[in-house]
Amino acid sequence: MLDRLRQLRKVLELNQRDFSKKIGLSQTSYSMIESGINPLSNKNIKVICSVFGVSENWIKTGEGNMFLASPYDKELMLIFGNLTDKAKTYLLSIANGLLELQKSFISSKDK
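Right, let's walk through the structure included here. From a predicted model like this one, the values you see are computed outputs, not experimental measurements.

1. Some points on a nonpolar patch on the surface
A cluster of nonpolar side chains, contributed by Tyr90, Leu91 and Ile94, occupies part of the molecular surface with about 290 Å² of accessible area. By relative accessible area, which is 41% here, Ile94 ends up partly exposed.

Pasting the structure below:
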């Protein structure tokens, strides 16, 4: 679990001081957790997950995605789930067209 905590901090590009400040701990307290001197409490896990949008399951077990789905993902899935099959097919064709447009826009900027 400590390796995942360190990995998360590095993915977020935060040093121990900035990471600990965001979760309400002193740098010393956090350093002692990350080094294994002090245990990572369930309370700290919940705060980390809440502040950074991290999956509690990933922190504890390493399984699944590091981050929770974005609010956009959740909203789109709710909308998609309420559509008829015909509307779902239409929405997917629009989304694929938008994706192709984005790809062409990005590649034209690279030139």
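2. Some thoughts on the pattern of salt bridges
Tallied over the entire structure, the rule returns 7 salt bridges. Here Glu34 ties to Arg6 by a salt bridge, and the two come within 3.4 Å at their closest N and O atoms. Residue Glu34 is found in helix H3 (residues 27-34), and its partner Arg6 is found in helix H1 (residues 2-11); the two are separated by 28 residues along the sequence. Glu56 is paired through a salt bridge with Lys60; the nearest N and O atoms lie 2.8 Å apart. Here Glu56 pairs with Lys60, and both are found in helix H5 (residues 56-61), just 4 residues apart, close to one helical turn. Residues participating in the shared-partner salt-bridge network are Asp3, Arg6, Arg9 and Glu34.

3. Describing the nonpolar core
It is characteristic of soluble globular proteins that their nonpolar side chains tend to be buried jointly. Counting residues in hydrophobic clusters, the biggest one holds 16 residues, and the most contacted among them are Leu5, Leu8, Phe19, Ile48, Phe52, Val54 and Ile59. Broken down by secondary-structure element, the contributors of at least two residues to this core are H1, H3, helix H4 (42-52) and H5. Here this core gets 4 residues from one element, more than from any other, and that element is H4. Beyond its immediate sequence surroundings of up to four residues, Ile48 is in contact with Leu5, Leu8, Phe19, Ile23, Leu40, Gly53, Val54 and Ile59.

4. Considering the side chain of Glu34
Given the relative accessible area of 4%, Glu34 is considered buried. Side chain to side chain, Glu34 and Gln16 meet in a polar contact 3.0 Å long.

Analysis parameters
- In this convention, every chain numbers its residues from 1, walking through the sequence in written order.
- Where local features are concerned, this predicted model is filtered to residues with pLDDT of at least 70; where side-chain atom pairs are given and counted, the filter is 80 or more; whole-chain, interface and lining totals use all residues.
- Based on all heavy atoms of the structure, the side-chain values leave hydrogens and waters out of the count.
- Candidate patch residues must exceed 30% relative accessible area and have no salt bridge, after which like charges are joined if within 9 Å and Val, Leu, Ile, Met, Phe, Trp or Tyr side chains if within 5 Å.
- Here the open area of atoms and residues is found with the Shrake-Rupley method and a 1.4 Å probe, where only the protein chains shown may cover a residue.
- One speaks of a salt bridge when a side-chain nitrogen belonging to Lys or Arg is within 4 Å of a carboxyl oxygen belonging to Asp or Glu.
- Whether a residue is buried, partly exposed or exposed follows from its accessible area with a 1.4 Å probe, protein chains only, as a fraction of its type maximum: under 20%, in between, or over 50%, in that order.
- A run of DSSP states H or I qualifies as a helix once it reaches four residues; a run of E qualifies as a strand once it reaches two. Both are numbered from the N-terminal end.
- Buried Ala, Val, Leu, Ile, Met, Phe, Trp, Tyr and Cys residues that are joined via side-chain atoms within 4.5 Å together make up what is termed a nonpolar core.
- By definition in these notes, contact holds between two residues if any of their heavy atoms fall within 4.5 Å.
- Polar contacts here mean pairs of N or O atoms no more than 3.5 Å apart (in protein, one a potential hydrogen donor and the other a potential acceptor; neighbouring residues in sequence count only if both atoms are side-chain atoms).

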